[in-house]
Amino acid sequence: MSESRNRPDPARFLLRPARSEDLPALERFAAASAYGITTLPPDRALLAERLRRSASAFKSGDEASGEEIYLFVVEDLARGEPVGTSGIAASAGFAERFYSYRSEYVVHASPALNASNRTHTLHLCHDLTGVTLLTSFYVDPAYEDTLAPQLLSRGRLLFIAEFADRFSDRIAAESPGLADDSGRCPFWDAVGRRFFDMDYPAVERLAVGRSKSFIAELMPHSPIYVPLLPEEAQWAIGQLHPVGELPFSILVDEGFDPDTYLDIFDGGPTAHARVAMLRTVAASREVRVDDTGASAAAPAAPHCWRLAANTRRGAFRAMLLPAGGEGRLSLSPEAAIALGVYTGDTLRVAPLELDDAGGSGKGSDGSRDGGRHG
Amino acid sequence: MGDAVRDWPIRPAAAGDVGGLIPLLPAPGQGVSLLPPGSGNSGREWLLVAVRGPGDAVAGCVRVRRAIGLDRPRFWHHVGCAVHAAPELELFHRQRTLLLGNDLTGAWEIADLLCDAATLGTEAQVALLRRLLRAALALIVRQRATSSSASSGDPTVICELPGLRDASGLSPFWQSLGRHFYDGDPLLAAERFGPAWKTHVAALLPHEPLLVSFLTDEAQAALGVPGRGAEAAARVLHEAGLRAGRHVTLDDAGPVYEGDLDLLGA
């Protein structure tokens with residue numbers, strides 16, 4: 001935890017809706033994350049279109065249709081520029097079907113042969129159609145070891161909690177599966193390729209600007225018996241590409257189930273959860289701002305920080321605040337300005353350190369994540 | 001030889017024929033049901049033998065079963081087709097599928113269509129098998145005409161042939177599919193349980209449609225191909241108007257010949 005001395009002050013990060021001026025930054029992020037984030041295509045026109053759609057989703061006075069996408073950026077206030085982005089799609093698949101593979105196990109037994117087997121099968125399904133999707137996570141590598149990724153990922157959850165009627169009560173997030181730099185993807189090569197005769201990068205390009213379901217409908221609809229796949233493909237099932245580790249570990253700590261659903265193309269895990277069961281959402285509560293004249297002194301330990309978001313949709317802001325002041329919420333003037341709140345306004349807050357996350361019952365991912373931000 | 005074959009009598013098997021039948025069998029477990037000693041001619045199952053020469057030596061045999069799968073469930077893989085097409089992408093994929101099922105339940109079955117391959121030339125084998133098959137079909141026609149049992153009226157007749165195997169009895173189809181679901185030795189199990197082994201192993205095999213393209217190239221190539229020693233039987237079945245292709249056996253993907261008794265003109 002003493003490492004935090006070398007880290008930037010967490011209070012200098014601000015999560016806000018992406019704006020049209022953020023286009024160059026998004027282009028930079030898209031180019032740097034060329035692999036694996038189809039919702040962040042390295043294409044200026046497509047990104048500009050996504051920014052327009054996002055702006056109207058944040059501002060629209062209409063009832064939500066499910067078509068909305070929300071793009072956020074996290075800004076380093078000390079530098080005055082975005083250092084990461086994340087997004088939400090209100091309803092996966094929207095008007096189309098959202099395809100996943102669901103992992104199931106079937107047990108067959110033959111008493112006469114005194115034999116039984118437990119076979120892993122993958123079922124093409126539409127289970128996640130209509131659920132809210134977390135998308136487009138990218139953070140500048142220089143900020144990976146700061147608290148910016150926590151704000152970037154979990155600030156979205158505060159937004160969803162605040163505007164629950166605009167989202168599904170279920171939530172999912174796709175993560176990139178295993179592939180090498182040349183785009184060779186063991187899961188695709190063993191499954192999708194049998195139906196497409198093209199390599200994975202070619203299908204990814206095909207998927208840009210087109211619904212994935214269009215391609216999914218060409219996939220076989222009968223279950224895949226995993227033992228029939230080549231060993232390399234079996235190993236790739238549910239395996240995460242290293243670039244996805246950071247956002248994935250944050251979601252697993254939140255309580256997402258990483259094991260049930262897979263991406264139908266690359267076999268990467270599609271984590272899912274009930275929104276109300278997520279730790280940040282369950283622990284969040286609305287608190288009145290008591291004063292805005294507190295000193296800006298930063299505490300050292302992560303348990304002394306909390307995530308805080310205002311309750312406005314169009315002018316949404318979230319940041320990390322020192323947690324002190326028992327029963328009272330005191331903001332520094334700088335934080336009050338950044339969040340756009342005054343004394344008497346409401347903030348939705350959640351502890352940065354979650355009670356169970358990183359505890360002994362969790363895997364090494366959880367404790368590593370806690371250590372990284374300690 | 002052909003002349004002689006034409007004159008060999010074909011009659012119901014008797015208890016004394018068992019010793020003569022054993023040498024006709026291929027290596028144990030190679031997809032052909034073993035002949036239970038003393039198997040006689042019940043109302044459900046008949047065994048005919050062709051005998052030759054002064055010693056009445058058994059030169060060939062054929063078994064007929066009525067209404068199969070009604071006492072013990074029988075399983076086959078249905079060979080189907082799935083098409084995935086996307087004109088916009090210029091994609092058109094036709095795939096074969098396999099689906100485990102009891103499709104041929106209730107049919108008549110011709111089994112153990114065998115002859116003495118060791119001493120008969122190819123043409124003589126074909127001639128004898130042809131006569132045995134005719135005798136079996138004639139028996140079925142007679143039974144259908146005279147039996148009062150409703151199950152005798154089924155118009156379908158089938159004949160399973162053993163599939164491709166290597167010298168040690170391993171089937172490429174089994175190596176690609178079955179062994180993932182039953183890790184025991186299929187030859188030992190077949191020897192121990194006889195034809196019932198397929199019923200037992202079916203409980204362990206996938207019950208959902210399988211895409212054939214998920215199998216190895218060797219297994220795909222073996223699908224519905226008669227094994228060595230079964231070519232002559234395949235030929236006479238085809239001549240008689242039976243056709244393979246819609247089903248394969250579930251252990252070694254041997255062809256299942258099927259015919260409609262009302263159309264065969266037997």
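Residues numbered from 1 in each chain as written. Chains lettered and ligands numbered in written order. Predicted model: local features only at pLDDT ≥ 70, side-chain atom pairs only at ≥ 80, totals over all residues. Heavy atoms only, no water.

## Some points on the overall build of chain A
Part 1 of the argument: Of regular secondary structure, chain A possesses twelve helices and 14 strands.
Part 2 of the argument: When the 374 residues of chain A are sorted by exposure, 53% land in the buried category.
Part 3 of the argument: Sequence-distant contacts, at least 24 apart, represent 73% of the contacts inside chain A between residues at least 6 apart.
Part 4 of the argument: Counting only carbon and sulfur atoms, one obtains 49% of the accessible surface of chain A, whose full area is about 15,600 Å². (Helix = DSSP H or I, 4+ residues; strand = E, 2+ residues; numbered from the N terminus. Buried < 20%, exposed > 50% of the residue type's maximum accessible area, 1.4 Å probe, protein only. Contact = heavy atoms within 4.5 Å. Areas by Shrake-Rupley, 256 points an atom, 1.4 Å probe, with all protein chains shown as cover.)

## What about the interface of chain A and chain B?
Part 1 of the argument: Each side of the interface is counted separately: chain A has 28 residues, and chain B has 30 residues.
Part 2 of the argument: A buried area of about 2,500 Å², summed over both sides, lies between chain A and chain B, and 69% of it is on carbon and sulfur atoms.
Part 3 of the argument: Three residues, Leu113, Leu218 and Leu228 of chain A, lead the burial of chain A against chain B; their summed loss comes to 27% of the area buried on that side.
Part 4 of the argument: Counting every contact that joins chain A to chain B gives zero salt bridges.
Part 5 of the argument: Scanning the region where chain A abuts chain B turns up ten residue pairs in polar contact (both at pLDDT 80 or more).
Part 6 of the argument: Of all the elements in the fold, those that place two or more residues in the side of chain A that touches chain B are strand E4 (100-110), strand E5 (115-125), helix H5 (193-196) and strand E8 (224-225) of chain A.
Part 7 of the argument: No other element matches E5 of chain A, which puts four residues into the side of chain A that touches chain B.
Part 8 of the argument: Its residues assigned to classes, the side of chain A that touches chain B shows 19 nonpolar, six polar and three charged. (Buried area = accessible area lost by both parts, 1.4 Å probe. Salt bridge = Lys/Arg side-chain N within 4 Å of Asp/Glu carboxyl O. Polar contact = N/O pair within 3.5 Å; in protein donor to acceptor, adjacent residues only side chain to side chain. Nonpolar A, V, L, I, M, F, W, Y, C, P; charged D, E, K, R; others polar.)

## Topic: the sheet that holds strand E8 (residues 210-211) of chain B
Residue and element names in this part refer to chain B.
Part 1 of the argument: What the four strands build is an open sheet, ordered E8-E5-E4-E9; its pairing is antiparallel. Strands at the two margins of the open sheet, each flanked by one partner only, are E8 and strand E9 (247-248).
Part 2 of the argument: In the sheet, strand E4 (residues 76-86) pairs with E9 via two bridges, with the strands oriented antiparallel. Residue pairing across strands places His77 opposite Val248, the latter belonging to E9. (Pairing = 2+ DSSP bridges.)

## Details of the nonpolar core
Part 1 of the argument: Formed by 47 residues in total, the largest nonpolar core has its most connected members in Tyr70, Leu134, Phe159 and Ile171 of chain A.
Part 2 of the argument: Broken down by element, the residue count for this core peaks at eight residues, all from helix H3 (residues 148-162) of chain A.
Part 3 of the argument: Once residues lying within four places of it in the same chain are set aside, the contact partners of Leu134 of chain A are Gly87, Ile88, Arg156, Leu157, Ile160, Ile171, Ala172, Ala173, Glu174, Leu251 and Phe256 of chain A.
Part 4 of the argument: Of all hydrophobic cores here, the second largest spans 37 residues; its members include Ala50, Val64, Leu132 and Ala233 of chain B. (Core = buried A, V, L, I, M, F, W, Y, C linked by side-chain atoms within 4.5 Å.)

## Some points on the confidence of the model for chain A
All names here are of chain A.
Part 1 of the argument: On average, residues of chain A score 86 in pLDDT, and 87% of them are at 70 or above.
Part 2 of the argument: Note that pLDDT drops below 50 for residues 1-5; the model gives that stretch five contacts with residues more than four away or on any other chain.
Part 3 of the argument: Low confidence marks residues 357-374, where pLDDT is under 50. Its contacts with residues over four positions away, or in another chain, come to 32 contacts. (pLDDT = per-residue confidence, 0-100.)

## A closer look at the environment of Pro186 of chain B
Residues and elements named next belong to chain B.
Part 1 of the argument: Secondary-structure assignment places Pro186 in helix H5 (residues 186-193).
Part 2 of the argument: Pro186 sits in the buried class, given a relative accessible area of 16%.
Part 3 of the argument: As for Pro186 and Trp174, which are separated by twelve residues in sequence, their C-alpha atoms are 8.6 Å apart.
Part 4 of the argument: Filtering out sequence-adjacent residues up to four positions away, Pro186 remains in contact with Trp174 and Trp197.

## With respect to helix H1 (residues 23-32) of chain A
Residues and elements named next belong to chain A.
Part 1 of the argument: Of all the residues in H1, the buried ones are Leu23, Ala25, Leu26, Phe29 and Ala30. Buried residues in H1, looked at end-on, bunch into an arc of 155 degrees, giving them a common side. Residues Ala31 and Ala32 are exposed on H1 and point more than 90 degrees away from its buried face.
Part 2 of the argument: On its buried side, H1 packs onto helix H2 (44-59), strand E2 (69-76), strand E3 (81-89) and strand E6 (132-139). (Arc of directions from axis to C-beta.)

## Notes on the packing of aromatic side chains
Residues and elements named next belong to chain A.
Part 1 of the argument: This model, assessed by the stated rule, comprises 20 aromatic pairs over all chains.
Part 2 of the argument: Considering the side-chain rings of Phe72 and Phe159, the 5.5 Å spacing of their centres and the 80 degrees angle between planes classify their relative orientation as edge-to-face. With Phe72 in strand E2 and Phe159 in helix H3, the pair connects residues that are 87 residues apart, well separated along the chain. For the residue pair Phe72 and Phe159, the accessibility class agrees, reading buried in each case.
Part 3 of the argument: Between Phe159 and Phe163, the ring centres sit 5.0 Å apart and the planes meet at 55 degrees, which makes this aromatic pair tilted. Side by side, Phe159 and Phe163 carry an identical accessibility label, which is buried. (Phe/Tyr/Trp six-rings, centres within 6.5 Å; stacked < 30°, edge-to-face > 60°.)

## A few points about the pattern of salt bridges
Residues and elements named next belong to chain B.
Part 1 of the argument: Per the counting criterion, the structure on display carries 36 salt bridges over all chains.
Part 2 of the argument: Of the charged contacts, one joins Arg65 and Glu45 as a salt bridge, the two residues approaching to 3.5 Å between their closest N and O atoms. Of this pair, Arg65 sits in strand E3 (residues 57-65) while Glu45 sits in strand E2 (residues 45-52); the two residues are 20 residues apart in sequence, bridging distant segments of the chain.
Part 3 of the argument: Linking Arg65 and Glu109 is a salt bridge whose minimum nitrogen-to-oxygen distance equals 2.8 Å. Separated by 44 residues along the polypeptide, Arg65 in strand E3 and Glu109 in strand E6 (residues 108-115) bring together distant segments of the chain. Across this residue pair, the class does not change: Arg65 and Glu109 are buried.
Part 4 of the argument: Overlapping salt bridges bring together Glu45, Arg63, Arg65, Arg74, Glu109, Asp112, Glu160 and Lys198 as one network.

## Focus on the sheet that holds E2 of chain B
To summarise the sheet geometry, strands pair through backbone hydrogen bonds and adopt either a parallel or an antiparallel arrangement.
All names here are of chain B.
Part 1 of the argument: With mixed pairing, six strands are arranged side by side in an open sheet as E1-E2-E3-E6-E7-E10. Edge positions in the sheet fall to strand E1 (10-12) and strand E10 (256-260), since each has one partner strand and no second. Put simply, the sheet's adjacent strands are angled 25 degrees from each other on average, direction ignored.
Part 2 of the argument: Here helix H3 (residues 122-146) sits on the sheet in contact with E1, E2, E3, E6 and strand E7 (156-160), set at roughly 155 degrees to E6. (Axes fitted to C-alpha atoms, helices over the stretch in contact; angles between N-to-C directions.)

## Concerning H3 of chain A
Part 1 of the argument: Between its first and last C-alpha, H3 of chain A extends 21 Å over 15 residues, near the 21 Å set by a 1.5 Å rise per residue.
Part 2 of the argument: Burial runs high along H3 of chain A: 14 of the 15 residues are buried. (Expected span 1.5 Å × (residues − 1).)

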